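If you want the building blocks of each chain, they are given just below.
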Amino acid sequence: MCGIVGAVAERDVARILLEGLKRLEYRGYDSAGMAIADDAGRIHRRRAVGKVASLEAALAEEPLAGHTGIAHTRWATHGRPTDANAHPHMARGQVAVVHNGIIENYEALRRDLEGAGYTFESQTDTEVVANQVHRHMASGADLLAAVQATVAELDGAYALGVMAADEPGRLVAARRGSPLVIGLGIGEHFIASDVFALLPVTQRFVFLEEGDVADVRRETVAIHDRGGKQVERPERLSEVSPDAVERGGYRHFMLKEIHEQSHALAETLEGRLSRDAVLPEIFGPDARPIFDRLQRVQIVACGTSYHAGLIARYWFESLAGLPCDVEVASEFRYRRHVVPDGTLFVTISQSGETADTLAALREAKNLGFAASLAICNVPESSLVRESDLVLMTRAGPEIGVASTKAFTTQLAGLLLLVAALGRRHALTAESEAGLVAALHDLPAAVERVLALEPDIADLAERFVDKRHSLFLGRGAQYPVALEGALKLKEISYIHAEAYPAGELKHGPLALVDADMPVVAVAPNDELLEKLKSNLQEVEARGGELLVFADDRVQFTPRDGLTVLAVPSVHELVAPLVFTVPLQLLAYHVAVLKGTDVDKPRNLAKSVTVE
Ligand code: F6R
């Protein structure tokens, strides 16, 4: 999704902005741009379609220099990725704007501005903001007042960074619906979409709240709430080290993050387990009275986080004895609901800024849920701030667009929740002790699976020239198959479908032939024999099977069947462990295909628009 960086400093800001943009690349984008005010109070701008490297090349040819500037990576929503649609957008050379989000009433504003003599160079919704700010300044408002007046006229979601040629040394930032953070320096201040962009220059941050407008100058930052009143927002020290967003010797962030899973899971579980139980207070002091009255769970999330929810449903129902529904956020928010008494509303999100999930949470507040609980990886995120209860996954920054360690740590967090709620229902102390023992062993189990990487890299060669593939699983492994298919399609661009294996004969079997690799996940569970029969159906049609199987499971060696033995683990944690080889498979196929693994085409890391 779009990324914003801005700086007001005594030193030249061009390098700071460029480095910030590089650090925001992981969010996904298709063009980039920068505007800097020179000492004579003129704003100069460079923009380029494609990677930040293209902008860097443009800047090498025609450098920008100055002490106040804004920069942007754009993920196209209104208008194709072109130079003209790239940000910053300018009004009559006087006002420059970068924007993340969507202005819903831009057409009406544009007509009105055109009527007032303003012209437009782009198809974006953002350009209306630049012109509208200019219009207010032309009627006498200073930059702050002009931005305040403009945001009051906007419908939709935005994070904005705005500068004006005749007010050098000043940036105005505003947020509603899209995240924006202010970085505090000494005699210099910054704005950005997230803290990663600014870690090389500061670790001190102020997070803007909904409706805030900030007046950012070299020596001061003044924040005004949506009513225009000046307010104090707490300063926070980021615990993310600047190195956390380096590749650290790995070829891609995704590979680094796959390999970090064992450590990330240990972090997620740290201080939350005794020898044989999940510690009762890990959801905070307010949790107990809420948990005591819960009777069911509604999970809402998107993409990979939704898959985590689908797996958790099996755990809630089989282990905790609690009914559980799971829905994608974009559907949940536009549907009428009947909410039974005592239902906990659970959101799952790596970023905590996914627009659909956030909107669903806000919608849920009026629907009579007992409480909301977020399982999230970003402590400062909107989702965390707006939920009643929170469990942080502590996976550390995830930069690769394809979610890996965020997913497995979400699953670990969900198991903690299943135990905390389950012991009030069907979960016995003995089952909890079994689960907790499996959780204690989990980081080591993931380490053992990671050791399979060389074998998986070899298997990946079989996929390179394929256009379609099928993933199969049963029970809680069906969502694992969904996740494996999602990973493969998003980074290798090979079409991948996932099915519950028993559903094969009801349609998808028609697709199976020698050109369609079929991947199956086969833990040693009660559905194993059924899965084996389903796999026979594939073999009988000449399909080539790749089975990731628990190492206790016996398959007769035969043509058309490749089995990769996965170290056996407790059935409950098997979905986490079996996910890892599927991540590695997708990764190595993508590398062989030469795709942009960390930034796959058309995708964004943090989907802050609807
Ligand atoms: C896929 C992926 C996405 C995200 C989805 C939700 O690899 O990363 O499907 O899972 O966009 O994002 P979060 O978890 O940030 O709400």
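Below is a short write-up of the structure. Every chain's residues receive numbers from 1 upward, in the order its sequence appears when written. Only residues with pLDDT of at least 70 get local features here, since the model is predicted, and only at 80 or more are side-chain atom pairs given and counted; chain-wide, interface and lining totals rely on the full set of residues. Calculated side-chain values reflect all of the structure's heavy atoms, with hydrogen atoms and water omitted.

### Details of helix α4 (residues 127-138)
Residue pairs three or four apart in sequence face the same way in an α-helix, which turns once every 3.6 residues. Working definition: helices are DSSP H or I runs of at least four residues, strands are E runs of at least two. Numbering for both runs from the N terminus. Multiply 1.5 Å by the residue count of a helix minus one, and that product is the helix's expected span. Taking 1.5 Å of rise per residue, 12 residues should cover 16 Å, and α4 covers 16 Å from first to last C-alpha, within 8% of that figure. Accessible area is worked out with a 1.4 Å probe on protein chains only. A residue is then buried under 20% of its type maximum, exposed over 50%, and partly exposed in between. In terms of residue burial, α4 counts as a mostly covered element, since 9 of its 12 residues are buried. Among the residues making up α4, those that are buried are Glu 127, Val 128, Val 129, Ala 130, Asn 131, Gln 132, Val 133, His 134 and Met 137. Residues count as neighbours in contact if any of their non-hydrogen atoms are within 4.5 Å of one another. Check the buried side of α4 and you find it contacts β5 (89-91), β6 (95-103), α3 (106-115), α5 (143-151) and β7 (156-164). Just downstream of α4 lies Gly 140, where phi reads positive at about 110°.

### A few points about the sheet that holds strand β11 (residues 204-207)
Two strands pair if DSSP finds at least two bridges between them. Spatial ordering of the open sheet is given by β3-β2-β4-β1-β10-β9-β11-β15, a layout of 8 strands whose pairing is antiparallel. Of all strands in the sheet, those bounded by a partner on one side alone are β3 (43-49) and β15 (235-237). This sheet shows a mean twist of 20° between the axes of neighbouring strands, independent of strand direction. With axes taken as lines fitted to C-alpha atoms, and helix axes fitted only over the stretch in contact, angles between N-to-C directions fall between 0 and 180 degrees.

### Examining the site of the ligand
What makes a residue near a molecule or strand is one non-hydrogen atom of that residue sitting within 4 Å of it. Neighbouring the ligand are 15 residues; Ser 305, Ser 349, Ser 351, Thr 354 and Glu 490 lie closest to it. N or O atoms closer than or at 3.5 Å make up a polar contact, with two conditions inside protein: a donor-capable atom paired with an acceptor-capable one, and, for residues adjacent in sequence, both atoms drawn from side chains. Thr 354 is positioned with one of its side-chain polar atoms (N or O) 2.4 Å from an oxygen atom of the ligand. Counting residues per element, the ones that place at least two in the shell around the ligand are α9 (303-320) and α16 (477-492). When residue character is reported, Ala, Val, Leu, Ile, Met, Phe, Trp, Tyr, Cys and Pro are called nonpolar, Asp, Glu, Lys and Arg charged, and the others, Gly included, polar. Of the residues assigned to the shell around the ligand, the class counts are 5 nonpolar, 8 polar and 2 charged.

### Considering the pairing of strand β9 (residues 181-184)
Across the two faces of β9 the burial is the same, with Val 181 and Gly 183 and Ile 182 and Leu 184 all buried. Looking at chain direction, β9 and strand β10 (residues 189-192) are connected through 4 bridges and run antiparallel. Counterpart to Ile 182 in the pairing with β10 is Ile 191.

### Looking at the packing of α16 against helix α18 (residues 574-593)
Closest axis-to-axis distance for the α16/α18 pair is 9 Å, and the angle between their directions is 15°. Comparing their axes, α18 and α16 come out roughly parallel. By crossing handedness, the relation of α16 to α18 is classed as right-handed. Contacts from Gln 477, Val 480, Glu 483, Gly 484, Lys 487, Leu 488, Ile 491 and Ser 492 in α16 reach Ala 574, Pro 575, Phe 578, Thr 579, Leu 582, Ala 586, Tyr 587, Val 589, Ala 590 and Lys 593 in α18. Here roughly perpendicular refers to angles of 65 to 115 degrees, roughly parallel to angles under 35, roughly antiparallel to angles over 145, and oblique to all remaining angles. Handedness of a helix crossing follows the sense of rotation of the near helix relative to the far helix, less than a right angle counterclockwise being left-handed and clockwise being right-handed.

### A few points about unusual backbone geometry
In this model, His 87 is joined to Pro 88 through a cis peptide bond whose omega is 0°. Along the chain, Pro 88 falls in the loop between β4 (68-74) and β5. Even without being glycine, Arg 394 reaches a positive phi, approximately 55°. Mapping Arg 394 onto the fold places it in the loop between β20 (389-392) and α13 (405-422). When its relative accessible area of 34% is taken as the criterion, Arg 394 is described as partly exposed. Although it is not a glycine, Tyr 493 adopts a positive phi angle of roughly 65°. Inspection of the secondary structure assignment puts Tyr 493 in the loop between α16 and β22 (495-500). With relative accessibility at 27%, the residue Tyr 493 sits in the partly exposed group.

### Topic: the state of the cysteines
The rule for a disulfide is simple: a pair of cysteine sulfur atoms within 2.5 Å. On inspection of all chains with the given rule, the structure shows 0 disulfides. Just so you know, Cys 302 is unpaired, no disulfide at all, and the nearest cysteine sulfur is the one on Cys 376, 12 Å from it. Judged by relative accessible area, which is 22%, Cys 302 ranks as partly exposed. Cysteine Cys 324 remains unbridged, with the sulfur of Cys 302 as its closest cysteine sulfur at 16 Å.

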